[in-house]
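Notes for the structure review
Chain by chain, the residues run as shown.
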Amino acid sequence: MKALLIEEKRNGIILATLNRPTKANALSIQLLREMNDFLTSVEESKQARVVIFTGKGGNVFCAGADLKERSEMNEQEVRFAVQKIGMTINRISMLKLPTIAAMNGSALGGGLELALACDIRVGNKTASYGLTETSLAIIPGAGGTQRLPRIIGTGKAKELIFTASRITGIEAKEMGLVEHAEQQEDVLKKAFDLAEKIASNGPVAVRQAKKAVDLGLEVDLQTGLTIERHAYEKIIDTKDRREGLLAFQEKRKPNYKGE
């Protein structure tokens, strides 16, 4: 059975579903292997415009590492598994095209770290979210200690990590951990609504905007403005930019092709 289900929707939207509902969609070695195969394929795709990650079933988006599988590993195998999760999640954060985490259920530990690596997060109002690793005498090891402070601020991130607290989707929305908090049945719909809006815009422009934002966050303002200018220059010669101007003049919907 496939641990990751891939569905190609209209307008270049791809739905990637973690398919281990009886195991809380935990990140097993098989699932990580399939995710990496998928990331390789989507990186090479000229049609893909947005990726949505979600979890099979209603209660859990992803519970993080498969601790039952890990309990049977020796120390060397544990190190490999930890590195594999970190590498996979980092690949998600490095994707050129935009990503949305549709967290229809709870996301804990590595599951939340996966969502933090996405560009936009849609949460479930009543689900639980948290980086709970310190309660197991370990720390978030797949980017959580780095991405969470950048998203919600240092003090609040330290509080959540040090206390291993679990918060609701509503609380996550209030602190900026998720951009949207919806009823469980509306999470995926909201993610698709966002994806449709993104996919209707110029694909090259969206990717360059993502690059400018991500790289700019790590440098001073003046360097960031230089990054932005270089990103803009890559768009000037595109057919999509000319199509956008023409569509505006002709008062019609543009037909962008990512060229």
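Scope of this entry: the structure provided in the associated data block. Computed from a predicted model, the values in this text were never measured in an experiment.

Rules behind the numbers
- Residues numbered from 1 in each chain as written.
- Predicted model: local features only at pLDDT ≥ 70, side-chain atom pairs only at ≥ 80, totals over all residues.
- Heavy atoms only, no water.
- Core = buried A, V, L, I, M, F, W, Y, C linked by side-chain atoms within 4.5 Å.
- Buried < 20%, exposed > 50% of the residue type's maximum accessible area, 1.4 Å probe, protein only.
- Helix = DSSP H or I, 4+ residues; strand = E, 2+ residues; numbered from the N terminus.
- Contact = heavy atoms within 4.5 Å.
- Polar contact = N/O pair within 3.5 Å; in protein donor to acceptor, adjacent residues only side chain to side chain.
- Axes fitted to C-alpha atoms, helices over the stretch in contact; angles between N-to-C directions.
- Parallel < 35°, antiparallel > 145°, perpendicular 65-115°, else oblique.
- Left-handed = near helix turned anticlockwise from the far one by under 90°.
- Nonpolar A, V, L, I, M, F, W, Y, C, P; charged D, E, K, R; others polar.
- Patch = residues over 30% accessible without salt bridge, like charges linked within 9 Å, V, L, I, M, F, W, Y side chains within 5 Å.
- Areas by Shrake-Rupley, 256 points an atom, 1.4 Å probe, with all protein chains shown as cover.
- Salt bridge = Lys/Arg side-chain N within 4 Å of Asp/Glu carboxyl O.
- Lys, Arg positive; Asp, Glu negative; His and termini not counted.
- Pairing = 2+ DSSP bridges.
- Disulfide = S-S within 2.5 Å.
- Expected span 1.5 Å × (residues − 1).

Observations concerning the nonpolar core
Core analysis: the largest hydrophobic core is formed by 47 residues, its most contacted members being M35, F38, F53, M103, L114, L148 and L177. Residue contributions to this core peak at seven residues, all from helix 1 (residues 29–43). Sequence-distant contacts of M103, that is, excluding residues within four places in its chain, are made with F61, L112, A115, R121, V122, G123, N124, Y129, V178 and V187.

Some remarks on the environment of E196
Inspection of the secondary structure puts E196 in helix 8 (residues 187–199). A polar atom in the side chain of E196 sits 2.9 Å from the side chain of R10.

Concerning the packing of helix 5 (residues 144–152) against helix 6 (residues 154–163)
When two helices pack together, their arrangement is given by the angle between the helix axes and by the axis-to-axis distance. Where helix 5 contacts helix 6, the two axes come as close as 7 Å, and the packing angle between them is 135°. What the angle tells us is that helix 5 and helix 6 run oblique. Crossing of helix 5 against helix 6: the hand is right-handed. Facing G144, T145, L148, P149 and I152 of helix 5, the residues of helix 6 in contact are T154, K156, A157, L160 and I161. The residue inventory of the contact of helix 5 with helix 6, partitioned by class, reads six nonpolar, three polar and one charged.

Quick look at a nonpolar patch on the surface
There is a patch of nonpolar side chains on the surface, built from L67, L136 and I138 and spanning about 270 Å² of accessible area. On the secondary structure map, I138 appears in the loop between strand 8 (128–130) and helix 5. On the accessibility criterion, I138 (39% relative accessible area) is partly exposed.

Description of the side chain of K84
Relative to the helices and strands, K84 is located in helix 3 (residues 75–94). Salt bridges are absent for the buried K84, whose nearest opposite-charge side chain, D37, sits at 7.6 Å.

Here we look at the sheet that holds strand 9 (residues 167–168)
The mixed open sheet is built from four strands, whose spatial order is 4-6-8-9. Unpaired on one side and paired on the other, strand 4 (60–62) and strand 9 mark the two borders of the sheet. Of the strand pairs in this sheet, strand 8 and strand 9 are connected by two bridges, and their pairing is antiparallel. Residue pairing for strand 9: Y129 is matched across the bridge by I167.

A few points about the packing of helix 1 against helix 3
Where helix 1 meets helix 3, the closest approach of the two axes is 10 Å, and the angle between their N-to-C directions is 30°. Between helix 1 and helix 3, the angle is such that the two are roughly parallel. Judged by the sense of rotation from one axis to the other, the crossing of helix 1 with helix 3 is left-handed. Mapping the contact onto sequence places I29, L32, M35, N36, L39, T40 and E43 in helix 1 and F80, A81, K84, I85, M87, T88, R91 and I92 in helix 3. Tallied by class, the residues present in the contact of helix 1 with helix 3 amount to nine nonpolar, three polar and three charged.

Section: the state of the cysteines
Inspection of every chain in the model, using the stated rule, returns zero disulfides. C62 forms no disulfide, and the closest cysteine sulfur to it belongs to C118, at a distance of 11 Å. The buried category is assigned to C62, whose relative accessible area is 0%.

Side note on the sheet that holds strand 5 (residues 99–102)
Pairing is mixed across the open sheet formed by six strands, whose spatial order is 1-2-3-5-7-10. For this open sheet the edge positions go to strand 1 (4–8) and strand 10 (180–182), each flanked by a neighbour on one side alone. Taking the axes of each pair of neighbouring strands and ignoring which way they run, one obtains an average angle of 20° across the sheet.

Side note on helix 1
Over its 15 residues, helix 1 extends 21 Å from the first C-alpha to the last, a length consistent with the 21 Å expected when each residue adds 1.5 Å. Those residues of helix 1 that fall on the buried side of the exposure criterion are I29, L31, L32, E34, M35, N36, F38, L39 and V42. Residues of helix 1 that are buried make contact with strand 1, strand 2 (13–18), strand 3 (50–55), helix 2 (67–71), helix 3 and helix 4 (110–116).

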